[in-house]
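If you want the building blocks of each chain, they are given just below.
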Amino acid sequence: MSATSRDAVTTYDAVVVGGGLAGLAAVHRLAHAGLHVALVEKRARLGGSSALSGGWFALSGTELQRRSGVTDSGAVFLDDMVRTGEGYADVSLLRTLVERQEHAITAIGRADAWTDELKVSAGMSVARAHLVHIGRILGTLRAEAVDAGATIRRGCAAEELLTDGARVVGVRCGAVELGADAGVILASGGFSRSRELLDLFVPAQAAAMPYGGVGNTGDGLHMAGMLGAGLADIGQVSGTYGQHPDATDDEHELLTANYLGAILVNARGERFADESASYKQLGAAVLAQPGRMAFQIFDATVRARSRPGVPLSDMERITELGHLVSAPSLEALEATLGLPEGSLRATVARYNGAVAAGTGDDFSRTGLVNGVGALEPITAAPFFAYAAVTAMTSTYGGLRVGVDGGVQRIDGSRIQGLYAAGEVVGGFHGASYMTGTALTKALVFGVEAADAIARS
Ligand SMILES: Cc1cc2nc3c(=O)[nH]c(=O)nc-3n(C[C@H](O)[C@H](O)[C@H](O)COP(=O)(O)OP(=O)(O)OC[C@H]3O[C@@H](n4cnc5c(N)ncnc54)[C@H](O)[C@@H]3O)c2cc1C
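Since the structure is predicted, the reported quantities are computational estimates derived from the model, not experimental observations. Residue numbers run consecutively from 1 along every chain, following the written order of its sequence. Reporting in this predicted model follows two pLDDT cut-offs: at least 70 for local features of residues, and 80 or more for side-chain atom pairs to be given and counted; totals over whole chains, interfaces and linings ignore these cut-offs and use all residues. The side-chain numbers reported here are obtained from all heavy atoms of the structure, hydrogens and water having been left aside.

1. A short note on the environment of Val 348
Mapped onto the elements of the fold, Val 348 is located in helix 14 (residues 343–357). Whether a residue is buried, partly exposed or exposed follows from its accessible area with a 1.4 Å probe, protein chains only, as a fraction of its type maximum: under 20%, in between, or over 50%, in that order. Accessibility expressed as a relative area gives 1% for Val 348, which makes it buried. Every residue in contact with Val 348, bar those within four places of it in the chain, is listed here: Ile 263, Leu 330 and Ile 378. In this text, helices come from DSSP runs of H or I with a minimum length of four residues, and strands from runs of E with a minimum of two, each type numbered from the N-terminal end. The contact rule is simple, with two residues in contact once any of their heavy atoms fall within 4.5 Å.

Structure representation (structure tokens):
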């Protein structure tokens, strides 16, 4: 071991760094495999971005899809992810995600966390986004892991990976060293809270509103980087469009009324993108607009599609927070928002004309979301506007891994004893992101990395 003598170390079979979904899934699996395992979490509370998330999981072949008459399969799920990643994602990782999604389905069922909410969202050709009670999953994994003998140490930030020269054999958290005979799993989340890493890897995105778990400062990338770890997808990181600029750290205010029929206009009252595109692509487009913001503009028909309590579609909560603007006419809305006179009316008239003609519009929008769902004109008063910015909720580039979560060096060789799972990992999303794949991947690969350690 590179630090002090082994006598000063508490030794486990395995140590997991980070107490979000990936880390809790891993520690749960390891404890149930009979391993002596510890999880370290740098914050006083477990959960990270997972606890803050919308709770959408991308899954195929579920009971809910069958009951809802949705035809889907692993092959279609895989195809959709490959297309969304525009050829940049690692297909072997995506295939493993699809083949092992049962890990997620089982955990959701065990936690009694299913809801009946199922929808088409970014990157999907069919309804595949399943809303689950994420808090119940996190709580169940934690409680069952502790019951099975796992140690959970909060307020314990891993700072360094310990090696014996050839392999990783533990972590150091301040003055405390934890030995890990069979391996360490990094599940420390992304770097959405590190201005330094955003500036380094994706400077064009650094102006996005910092968001995600407050502890997500890229520590796993730093620690593994010291051992020569390679990276994947790092330049593809993109913020998510749809957050109110006054959202707090404790409650996100993501709304995608555009997937229900809204259009997006900038501060000049002009459209600038196909609103059915992934909210990651829209995030990049909005950063290039004046004031780096865009209004979601819609009418009473779209307002009636609000789903109270359903993240991304809940306009009631946004109204309660005082962040939804309404007006009896487009003219009045334009004036309230301070848009140039006539701009919003002209933009909506042009959009409505294209929808009525069915010939495709200026930005080739053909559907509500990802090309799916019929477009309707914006005509029914009152009219609404939601001002939103691009938030850096998550960073989907990260460590290069194999299908068992084993971390690879820049040259593709394995760093023995080191695994990673969740948002700290790259290779899954490529150019863009399908809603729900981040939570599914965190859970599935937390389990896969644990299994790899248990087998070793
Ligand atoms: C507002 C919001 C909504 C989202 N909605 C969805 C959604 O609906 N569906 C979806 O798929 N994805 C969604 N995402 C993304 C998704 O939540 C994350 O990608 C996923 O939860 C990451 O899980 P994780 O376990 O890898 O990381 P996290 O859940 O972030 O956990 C990482 C943990 O590691 C801890 N940590 C960091 N460094 C250290 C260290 N040095 N030592 C010890 N601990 C450390 C952190 O404090 C944190 O608790 C959303 C994200 C946000 C912010």
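2. So, the side chain of Gln 296
Tracing the sequence through the fold places Gln 296 in strand 14 (residues 293–299). You can call Gln 296 buried: its relative accessible area is 0%. Under this definition, polar contacts are N or O atom pairs within 3.5 Å; protein pairs additionally need one hydrogen-donor-capable and one acceptor-capable atom, and for neighbouring residues in sequence, both atoms have to be side-chain atoms. A polar contact is formed between the side chain of Gln 296 and the backbone oxygen of Leu 255, at a distance of 2.7 Å. A distance of 2.9 Å separates the side chain of Gln 296 from the backbone nitrogen of Ala 257, its partner in a polar contact.

3. Notes on the state of the cysteines
Two cysteine sulfurs form what is called a disulfide whenever their separation falls within 2.5 Å. In this structure the tally under the stated criterion is 0 disulfides. Cys 156 carries a free sulfur, and the closest cysteine sulfur to it, the one in Cys 173, is 3.1 Å from it. On the basis of relative accessible area, Cys 173 is assigned to the buried category, the value being 6%.

4. Focus on the pairing of strand 1 (residues 10–17)
For two strands to pair, DSSP has to find at least two bridges joining them. Relative to strand 9 (residues 176–186), strand 1 runs parallel, the two being bridged by 7 bridges. In the strand pairing of strand 9, Val 15 is matched with Val 184. Where strand 1 and strand 2 (residues 37–41) come together, 4 bridges link them in parallel fashion. Pairing of Val 16 across the sheet is with Leu 39, part of strand 2. With the strands pointing away from the viewer, any crossover whose connection runs clockwise from the first strand over the helix to the second is right-handed. Read as a crossover between parallel neighbours, the route from strand 1 over helix 1 (residues 21–32) to strand 2 is right-handed.

5. Comments concerning the pairing of strand 9
For strand 9, the tally of buried residues reaches 9 of 11 residues, placing the bulk of the element in the interior. For strand 8 (residues 168–173) and strand 9, the ladder comprises 4 bridges, and the chain directions are antiparallel. Paired with Val 171 across the strands is Leu 178, a residue of strand 9. Between the antiparallel neighbours strand 8 and strand 9 lie 2 residues, among them Gly 174 with a positive phi of about 60 degrees. Pairing between strand 9 and strand 19 (residues 414–420): 3 bridges, direction parallel. Looking at strand 19, one finds that Val 184 is bridged to Leu 418.

Read these as spatial facts, not as claims about activity.
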